[in-house]
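Observations on the three-dimensional arrangement
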Amino acid sequence: MRWLADVHVRLRPGIADPEGQTIAGGLHALGFDSVVSVRSGKLLRLTFEADDHAAAEAALDGMCRRLLANPVMETADWELRAEADAEPGEIQ
Amino acid sequence: MTAAPRVAVVVFPGTWSDRDFLDLAPVLGWQATAVWHAESVIGDVDAVVLPGGFAHGDHLRTGAIARFSPVMGAVQEFADAGGPVIGSCNGFQILCEAQLLPGVLMRNDHLQFRCDWQTLRVESHMGPWLSADELAAGDVIRLPISHGEGRYYAEDATLDRLEADGRVVLRYADASGTVSADANPNGSSRSIAGIVNERANVLGLMPHPERASEDEVGGTDGLRLLRSLERWLTRQPAVAERR
């Protein structure tokens, strides 16, 4: 069956994120003074085949470890659901 | 007379410094061959160059896709056997992603692409690319940099180990050789511009030695690094025997 996953790739805590700081500066310049900080990252939406939920989780784990995140600076986590359960707008 | 060093220059889709290295081959006396990334063998060579550029468009992360190109299996084997490998700029990023060198190259701290001449302090001369005959520790050399993602980062424990082992070979410095935040063009941890692996046969550096190897382009300090290879090769018994 077919699965959808939103993989979030985040910088590890404590790693300098000049892009996030610049975005925060932009928000401050627009008057959004309540913004304390911004951390940048990546959102990757994957559509893939797997036999069941466990297999889909295992596949995602492998993909994140091998390619999608560099553990020196990043972590990855995801939201996984069956394509059948997805909102129509989420399916590519 | 010794045979010319045989050097494989790896070309990924998006590599741009391969031509610089290939054009320089006659100056260096190298017998250089371009090797397309889809090849799974690099042939019988004395050294491998991973040039600068934007391999596979730098998508996802710099070097992230390139490290899985078929040629990288052969590069890994060559490096594991002690063969000299140099990765400049994008090549350094690929070597880090491939875990042939520790750490990672991140977005410059000021977020700008920086293309300029940069002075560097030679910290130690280890391995085939930093011959003591060409470069002494403490020497200040001048090489071009050209990158948007050159901020070297590794955990403190890794940095401590690199420094303790003398594997930080080049640091960003000012013209007098002083290392400072002002002389650091990208925010690299501890001003690191170049490191070697444990055996010192693999060198990664953000600057471009191949772009400072002829007077016409404004400097020749790059030659001092690149000429080190032939000096090193002539001292290797196995290689000397073959010659």
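These figures come from a predicted structure and were not determined experimentally. (Residues numbered from 1 in each chain as written. Chains lettered and ligands numbered in written order. Predicted model: local features only at pLDDT ≥ 70, side-chain atom pairs only at ≥ 80, totals over all residues.)

1. A short note on the overall build of chain B
- The helix and strand inventory of chain B stands at 7 helices and 11 strands.
- The C-alpha atoms of chain B give a radius of gyration of 16 Å, which matches the 18 Å a tight globule of 243 residues would have.
- Sorting the 243 residues of chain B into buried and exposed places 54% on the buried side.
- A sequence separation of at least 24 residues applies to 76% of the contacts in chain B between residues at least 6 apart. (Helix = DSSP H or I, 4+ residues; strand = E, 2+ residues; numbered from the N terminus. Rg over C-alpha atoms; globule rule 2.2 N^0.38 Å. Buried ≥ 20, exposed ≤ 12 C-beta atoms within 10 Å, placed from the backbone. Contact = placed C-beta atoms within 7 Å.)

2. Comments concerning unusual backbone geometry
Residue and element names in this part refer to chain B.
- Residues other than glycine seldom take positive phi values, yet Leu111 does so here, at roughly 70 degrees.
- Phi at Arg190 is positive, roughly 50 degrees, even though this residue is not glycine.
- Considering the arrangement of structural elements, one finds Arg190 in the loop between β9 (168-172) and β10 (192-196).
- Judged by the 16 C-beta atoms lying within 10 Å of it, Arg190 is partly exposed.

3. Details of the interface of chain B and chain A
- Contacts between the two partners involve 11 residues from chain B, matched on the other side by 9 residues from chain A.
- Its residues assigned to classes, the side of chain B that touches chain A comprises 6 nonpolar, 1 polar and 4 charged. (Nonpolar A, V, L, I, M, F, W, Y, C, P; charged D, E, K, R; others polar.)

4. Comments concerning the confidence of the model for chain B
- Put simply, chain B has an average pLDDT of 95, and 97% of its residues get 70 or more.
- If you check the scores for this complex, the pTM reads 0.94 and the ipTM reads 0.87. (pLDDT = per-residue confidence, 0-100.)

5. Remarks on the pairing of strand β1 (residues 2-11) of chain A
Residue and element names in this part refer to chain A.
- Across 9 bridges, the pairing between β1 and strand β2 (residues 41-49) is antiparallel. When the bridges of β2 are listed, Arg10 appears paired with Gly41.
- With 9 bridges connecting them, β1 and strand β3 (residues 74-82) associate as antiparallel partners. Within β3, the residue paired with Ala5 across the bridge is Leu80. (Pairing = 2+ DSSP bridges.)

6. Quick look at the environment of Glu123 of chain B
All names here are of chain B.
- With respect to the helices and strands, the residue Glu123 is situated in the loop between β6 (114-122) and β7 (140-147).
- With 24 C-beta atoms packed within 10 Å, Glu123 lands in the buried category.
- Remark: the alpha-carbon pair of Glu123 and Gly166, spanning 43 residues in sequence, is separated by 7.7 Å.
- Excluding residues within four positions of it along the chain, Glu123 makes contact with Ala137, Val168, Val169, Leu170 and Arg171.

7. As for the sheet that holds strand β2 (residues 31-36) of chain B
All names here are of chain B.
- The strand order across the open sheet formed by 9 strands is β2-β1-β3-β4-β11-β10-β9-β6-β7, and the pairing between neighbours is mixed. Pairing within the sheet leaves two strands with one partner each, and these edge strands are β2 and β7. Across the sheet, the mean angle from the axis of one strand to that of its neighbour is 25 degrees, orientation sign disregarded.
- Inspection of the sheet shows strand β4 (residues 85-88) paired to strand β11 (residues 202-205) by 4 bridges, in the parallel sense. Considered in β11, the bridge of Val85 is made with Val202.
- Sheet strands touched by helix α1 (residues 18-28): β1 (6-11), β2 and β3 (47-50). Its angle to β2, the strand with the most contacts, is close to 155 degrees. (Axes fitted to C-alpha atoms, helices over the stretch in contact; angles between N-to-C directions.)

8. A look at the pairing of β9 of chain B
Residues and elements named next belong to chain B.
- Of all 5 residues making up β9, 4 are buried, and the element is well covered by its neighbours.
- Pairing analysis gives 3 bridges linking β9 to β10, with the strands arranged antiparallel. Paired with Leu170 across the strands is Gly194, a residue of β10.

9. Re the nonpolar core
- One finds Val9, Val10, Val48, Val49, Leu95 and Val169 of chain B to be the most contacted residues of the largest nonpolar core, which totals 73 residues.
- Among residues more than four places away in sequence, those in contact with Val169 of chain B are Val122, Glu123, Ser124, Met126, Leu130, Gly194, Ile195, Val196 and Leu203 of chain B.
- One finds Leu4, Ala5, Val9 and Trp78 of chain A within the second-largest nonpolar core, a separate group that totals 11 residues. (Core = buried A, V, L, I, M, F, W, Y, C linked by C-beta atoms within 7 Å.)

10. Notes on helix α3 (residues 90-97) of chain B
Residues and elements named next belong to chain B.
- In terms of burial, α3 is largely enclosed, as 8 of its 8 residues are buried.
- Turning to α3, its buried residues number three or more, namely Asn90, Gly91, Phe92, Gln93, Ile94, Leu95, Cys96 and Glu97.
- The elements touched by buried residues of α3 are β3, β4, β5 (104-106) and β11.
- Of the residues trailing α3, Gln99 is marked for its positive phi of about 60 degrees.

11. Section: the environment of Gly29 of chain B
Residues and elements named next belong to chain B.
- Turning to its location among the elements, Gly29 is positioned in the loop between α1 and β2.
- Between the C-alpha atoms of Gly29 and Arg227, which are 198 residues apart in sequence, the distance is 9.0 Å.
- Setting aside chain neighbours within four positions, we find Gly29 in contact with Ala4 and Glu230.

12. Things to note about the environment of Asp33 of chain A
- Assignment of secondary structure puts Asp33 of chain A in the loop between α1 (18-29) and β2.
- In this structure the C-alpha to C-alpha distance between Asp33 of chain A and Ala5 of chain A, which are 28 residues apart in sequence, comes to 34 Å.

13. With respect to the sheet that holds β2 of chain A
Residues and elements named next belong to chain A.
- Reading across the sheet, the 3 strands line up as β2-β1-β3 and stay open at both edges, with antiparallel pairing between neighbours. The strands lining the two open edges of the sheet, one partner per strand, are β2 and β3. Ignoring strand direction, the axes of neighbouring strands in this sheet form an average angle of 20 degrees.

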